[in-house]
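Here is how the chains run, residue by residue.
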Amino acid sequence: MPVDLDNTDRQLLSALQQNARLTTGELAQMTGLSQSPCWRRIRRLEESGLIDGYHARLDRRALGYGVVAFVSISIDFQNEARSTEFVEAVRAIPQVVMFHGITGSADFLLMVIAKDLDAYSELLQSKLHRLPGVRHVQTSFSLQEFKRFDDVPIPAAAGALP
């Protein structure tokens with residue numbers, strides 16, 4: 001259920017999305033609120049599910065992951081038990097950093113990181129091809145990243161111009 005946001009809520013969400021380490025005092029100063037009302041608003045945004053958590057953004061390259069692969073997987077079953085088994089097996093692979101069920105020619109799309117092509121090849125052969133029910137796997141490698149999925153656009157007020 002959508003939460004009705006005012007401009008102060010939007011300011012708070014935007015500021016926290018850019019820097020989750022801001023203190024309540026800093027956020028209060030940015031929004032013109034005192035600390036207690038600011039803290040209550042943030043708490044309301046958390047309880048409503050708009051704020052899903054606070055995370056450090058890690059640099060995959062600095063951690064040694066030079067390869068990003070988008071892996072389309074088609075499976076040969078669609079019953080609930082086997083699909084659940086597949087989903088759990090994929091979730092258990094740490095190198096899978098995004099995982100979506102999709103429409104189109106494949107059933108699932110994974111974003112996978114690996115140290116290098118050799119490490120990806122090993123992961124493909126030892127894990128991805130051995131997932132339950134896999135019928136077809138297709139890999140596309142990222143050559144250059146232009147925009148990361150870090151920020152979610154915050155909707156404008158009803159009736160506001162984009």
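### Some remarks on the packing of aromatic side chains
Then, in step 1: Applying the stated rule across the entire model yields four aromatic pairs.
Then, in step 2: Ring centres of F99 and F108 lie 5.6 Å apart, and the angle between their planes is 40 degrees; this geometry places the pair in the tilted category.
Then, in step 3: For F99, a relative accessible area of 23% gives the class partly exposed.
Then, in step 4: One aromatic cluster in this structure is built from F86, F99 and F108.

### A closer look at the sheet that holds strand β2 (residues 96-101)
Strand pairing in a sheet relies on backbone hydrogen bonds, with the paired strands running either antiparallel or parallel.
Then, in step 1: Pairing is antiparallel across the open sheet formed by four strands, whose spatial order is β2-β3-β1-β4. Two strands in the sheet have a free side with no partner beyond their single neighbour: β2 and β4 (134-141). The mean angle between the axes of side-by-side strands here comes to 20 degrees, regardless of whether they run parallel or antiparallel.
Then, in step 2: Here seven bridges tie strand β1 (residues 67-75) to β4, and the two strands are oriented antiparallel to one another. Note that in β4 the partner of S72 across the bridge is Q138.
Then, in step 3: Contacts from helix α4 (residues 80-91) reach β1, β2, β3 (108-114) and β4 within the one sheet, and its direction differs from that of β2 by about 160 degrees.

### Concerning helix α2 (residues 24-31)
Then, in step 1: Taken together, the buried positions of α2 are L27, A28 and T31. The buried side chains of α2 occupy one side of the element, clustering within an arc of 100 degrees when seen end-on.
Then, in step 2: On its buried face, α2 is in contact with α1 (7-18) and α3 (35-47).

### So, α3
The periodicity of an α-helix, 3.6 residues per turn, causes residues three or four positions apart to be oriented the same way.
Then, in step 1: Given a rise of 1.5 Å per residue, 13 residues ought to cover 18 Å, and the 18 Å separating the end C-alpha atoms of α3 matches this to within 8%.
Then, in step 2: Phi turns positive one or two residues past the end of α3, at G49, with a value near 90 degrees.

### Focus on a nonpolar patch on the surface
Then, in step 1: A cluster of nonpolar side chains, L58, L63 and Y65, forms an exposed patch at the surface whose accessible area comes to about 310 Å².
Then, in step 2: By the element assignment, Y65 lies in the loop between α3 and β1.
Then, in step 3: On the accessibility criterion, Y65 (31% relative accessible area) is partly exposed.

### Some remarks on the packing of α1 against α3
Each packed pair of helices is defined by two parameters, the angle between the axes and the distance between the axes.
Then, in step 1: Running from amino to carboxyl end, α1 crosses α3 at an angle of 75 degrees, the nearest separation of the two axes being 11 Å. In this view, α1 runs roughly perpendicular relative to α3, as classed from their interaxial angle. Counting all contacts with α1, which are made through T8, D9, L12, L13 and L16, the residues of α3 involved are C38, R41, I42, R44 and L45.
Then, in step 2: Of the residues belonging to the contact of α1 with α3, the class tally is six nonpolar, one polar and three charged.

Calculation criteria
Residues numbered from 1 in each chain as written. Predicted model: local features only at pLDDT ≥ 70, side-chain atom pairs only at ≥ 80, totals over all residues. Heavy atoms only, no water. Phe/Tyr/Trp six-rings, centres within 6.5 Å; stacked < 30°, edge-to-face > 60°. Buried < 20%, exposed > 50% of the residue type's maximum accessible area, 1.4 Å probe, protein only. Pairing = 2+ DSSP bridges. Helix = DSSP H or I, 4+ residues; strand = E, 2+ residues; numbered from the N terminus. Axes fitted to C-alpha atoms, helices over the stretch in contact; angles between N-to-C directions. Contact = heavy atoms within 4.5 Å. Arc of directions from axis to C-beta. Expected span 1.5 Å × (residues − 1). Patch = residues over 30% accessible without salt bridge, like charges linked within 9 Å, V, L, I, M, F, W, Y side chains within 5 Å. Areas by Shrake-Rupley, 256 points an atom, 1.4 Å probe, with all protein chains shown as cover. Salt bridge = Lys/Arg side-chain N within 4 Å of Asp/Glu carboxyl O. Parallel < 35°, antiparallel > 145°, perpendicular 65-115°, else oblique. Nonpolar A, V, L, I, M, F, W, Y, C, P; charged D, E, K, R; others polar.

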